[in-house]
Amino acid sequence: MISQEEKSKKVLLAEEKLAQAKAQLNKAKREQRAEIEKAKSHHKYMMGGAVAKYFPDCYEFDELEMNRIIACAFQTRDVKNIIELVKKERPAQEQEIEESEGAEDEEDEDGNE
């Protein structure tokens, strides 16, 4: 292996820039993960608040019981209808984003990227 003394100034400079770029990449990835986690946390908080608002007795049930209740509720015709109505009332741009995400999900399920 070549020692530090034998490396040219250009190689040393390039290695230094590479190390800096790797550090910047790692920092950007950490920040992105933090933003995603913050958004997920906010969403969980918001969803929990919505459940508690419309179903104040929710704290009396354990997770399995709540899963059964929510699964049953989402199978009713009224809930399915309101979900479709809310989706239709969204601004066009949000619908386009959701449709493109849905297409990506379908590709992932098929094993294609």
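Enquirer: Describe a nonpolar patch on the surface, and please don't skip the residues or the numbers.
Expert: A cluster of nonpolar side chains, contributed by Phe-61, Ile-69, Ile-70, Phe-74, Ile-82, Ile-83, Leu-85 and Val-86, occupies part of the molecular surface with about 610 Å² of accessible area. Sorting the residues of the nonpolar patch by element identifies helix 2 (63-74) and helix 3 (77-89) as the ones contributing at least two each. Element by element, the count of residues in the nonpolar patch is highest for helix 3, at 4 residues. Its place among the elements puts Ile-70 in helix 2. You can call Ile-70 partly exposed: its relative accessible area is 33%.

Enquirer: Explain helix 2 residue by residue, including any values.
Expert: Its 12 residues give helix 2 an end-to-end C-alpha distance of 16 Å, which sits within 8% of 16 Å, the value for a rise of 1.5 Å per residue. The N-cap of helix 2, judged by a side-chain oxygen 3.2 Å from the amide nitrogen of Leu-64 a few residues on, is Asp-62.

So, how was this worked out
Residues numbered from 1 in each chain as written. Predicted model: local features only at pLDDT ≥ 70, side-chain atom pairs only at ≥ 80, totals over all residues. Heavy atoms only, no water. Patch = residues over 30% accessible without salt bridge, like charges linked within 9 Å, V, L, I, M, F, W, Y side chains within 5 Å. Areas by Shrake-Rupley, 256 points an atom, 1.4 Å probe, with all protein chains shown as cover. Salt bridge = Lys/Arg side-chain N within 4 Å of Asp/Glu carboxyl O. Helix = DSSP H or I, 4+ residues; strand = E, 2+ residues; numbered from the N terminus. Buried < 20%, exposed > 50% of the residue type's maximum accessible area, 1.4 Å probe, protein only. Expected span 1.5 Å × (residues − 1). Polar contact = N/O pair within 3.5 Å; in protein donor to acceptor, adjacent residues only side chain to side chain.

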